[in-house]
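Descriptive structure summary
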Amino acid sequence: MSSKVSNKSHATLRYTSMRVSIFLGCLLVALLLGHFQVIPVKGQTGAIFLFLVAAVVSAPLSYVLLSRQRDDMSAQISGRVDGIRNRTAARIASQNAEEDAADDAARATALQG
């Protein structure tokens, strides 16, 4: 059980690092293909083109390969947002109860006097 908790606790970091790793792997392959002239590259424009190729290739790979990690990250973020929403709702309800009590006390004082 504790291993599942620790796996979920860093889901965003894990997903991001894996996504960057896939991009860097694709970039390495693109750079090698450019170096061996499989992909024709010239100057800075060619280097930018290789970065774009790596980004375009890594996006669908990440989508397919990292679906479980993306779901874990989504669950982690959703849990945090729900926690914040619940704490905020409880704080607002508490403040409303205090205001109602103060208003009731002021009305009771006004009716007596």
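Scroll up to find the structure.
Residues numbered from 1 in each chain as written. Predicted model: local features only at pLDDT ≥ 70, side-chain atom pairs only at ≥ 80, totals over all residues. Heavy atoms only, no water.

**Observations regarding the nonpolar core**
Residues A11, Y15, I22, C26, L27, A54, L66 and M73 constitute the largest nonpolar core, which totals eight residues. In terms of residue count, the dominant contributor to this core is helix α2 (residues 11-35) (five residues). Not counting the four nearest positions on each side in its chain, L27 is found in contact with L50, F51 and A54. (Core = buried A, V, L, I, M, F, W, Y, C linked by side-chain atoms within 4.5 Å. Buried < 20%, exposed > 50% of the residue type's maximum accessible area, 1.4 Å probe, protein only. Helix = DSSP H or I, 4+ residues; strand = E, 2+ residues; numbered from the N terminus. Contact = heavy atoms within 4.5 Å.)

**Describing the pattern of salt bridges**
This model, assessed by the stated rule, comprises two salt bridges. Ionic pairing is found between D103 and R107, a salt bridge with its closest N-O pair at 3.3 Å. With a gap of four residues between them, D103 and R107 both fall in helix α4 (residues 67-112), about one helical turn apart. (Salt bridge = Lys/Arg side-chain N within 4 Å of Asp/Glu carboxyl O.)

**Brief notes about the environment of L33**
Along the chain, L33 turns up in helix α2. By relative accessible area, L33 is classed as partly exposed at 32%. With 31 residues separating them along the chain, L33 and V64 place their C-alpha atoms 24 Å apart. What L33 contacts, discounting residues up to four positions off in sequence, is V38 and I39.

All we've got here are geometric facts, nothing functional implied.
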